[in-house]
Amino acid sequence: MSVASWVVIVWKGWLLRRAVADLSLSTAAFWQAADLTDAQARLQRFDPQQLVLPLLQAARGLDNAAPHTLAAAGDRSQQLTRVLRDALHRVLHRLQFGQVLLATVGSTAPFVGLLGTVWGIYHALSGFGLDGPFRIEQVAGPVGEALVMTAAGLAVAIPAVLAYNVLGRQIARIEADLEGFARDLRELLAQQGGTST
């Protein structure tokens, strides 16, 4: 559990650090573009993490929806809301990958350590009757070793919980920025009446 959580912590820390930087660059590049074609070309250069580009591609692909289907139902604003929401969910799903592992490790590792402690104490106490009269040395060593399991469980759980909270806060900030961009993009394209420009 420790190795898996540290791999996720390092990988997600690197990914989210780049995502924060790329998001500000890519949204700035988008709004400085002359039109949507130029914006898409700029995003392909400035959005290597594919955070903003999928939203624009989904909105521009709206014109390819088959007529007389539910995908083409509703007014332009409703269609844009639907495709942008779906694209946003796909991006966020990718960003949230690994969070479940960190939460699971953080919540279960102390109990795995406690199970090891209980198991060790059980074995220490079960040997009393077999070795003759009771001596403190019979218990002290095995119980001390068993208590190390609790410390090991906490050593695995604490970094996972801290990383879950820190990375979750970064994901929430990126999510808020992406939702704001998606809302602005929807308003822009709904006012234009099309996504072909």
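Now for a look at the structure at hand. In this text the structure is predicted, and so the values were computed from the model without any measurement.

### Thoughts on the packing of aromatic side chains
Part 1: For the structure on display, the rule yields 4 aromatic pairs.
Part 2: On the numbers, 6.0 Å between centres and 85° between planes, the contact of W11 with F97 is edge-to-face. Of this pair, W11 sits in helix 1 (residues 2-31) while F97 is found in the loop between helix 4 (76-95) and helix 5 (99-126), placing the two residues 86 residues apart along the sequence.
Part 3: Since its relative accessible area comes to 36%, W11 is described here as partly exposed.
Part 4: On the basis of relative accessibility, which here comes to 56%, the residue F97 falls in the exposed class.
Part 5: When the ring of W31 is compared with that of F181, the centres are 6.1 Å apart and the planes differ by 65°; the resulting orientation is edge-to-face. Of this pair, W31 sits in helix 1 while F181 is found in helix 6 (residues 136-192), placing the two residues 150 residues apart along the sequence.

### Quick notes on the packing of helix 3 (residues 53-60) against helix 4
Part 1: Relative orientation of the contacting elements helix 3 and helix 4 amounts to 150°, with a least axis distance of 9 Å. Taken together, helix 3 and helix 4 sit at an angle that is classed as roughly antiparallel. For the element pair helix 3 and helix 4, the recorded crossing hand is right-handed. On the side of helix 3, the interface is formed by P54, L55, A58 and A59, while helix 4 contributes L80, V83, L84, A87, L88 and V91.
Part 2: Taken together, the residues of the contact of helix 3 with helix 4 sort by class into 10 nonpolar, no polar and no charged.

### Observations concerning the layout of surface pockets
Part 1: One number sums up the size of the largest pocket: a volume of about 160 Å³.
Part 2: Every residue lining the largest pocket is listed: T81, L84, R85, L88, E179, A182, R183 and R186.
Part 3: Grouping the amino acids of the lining of the largest pocket by side-chain chemistry returns 3 nonpolar, 1 polar and 4 charged.

The rules behind the values
Residues numbered from 1 in each chain as written. Predicted model: local features only at pLDDT ≥ 70, side-chain atom pairs only at ≥ 80, totals over all residues. Heavy atoms only, no water. Phe/Tyr/Trp six-rings, centres within 6.5 Å; stacked < 30°, edge-to-face > 60°. Helix = DSSP H or I, 4+ residues; strand = E, 2+ residues; numbered from the N terminus. Buried < 20%, exposed > 50% of the residue type's maximum accessible area, 1.4 Å probe, protein only. Axes fitted to C-alpha atoms, helices over the stretch in contact; angles between N-to-C directions. Parallel < 35°, antiparallel > 145°, perpendicular 65-115°, else oblique. Left-handed = near helix turned anticlockwise from the far one by under 90°. Contact = heavy atoms within 4.5 Å. Nonpolar A, V, L, I, M, F, W, Y, C, P; charged D, E, K, R; others polar. 1 Å grid on protein atoms, 1.4 Å probe; cavity = no way out; pocket = protein on both sides within 12 Å on 5 of 7 lines; lining within 4 Å. Points joined across faces, edges and corners; volume = space filled by probe spheres on them.

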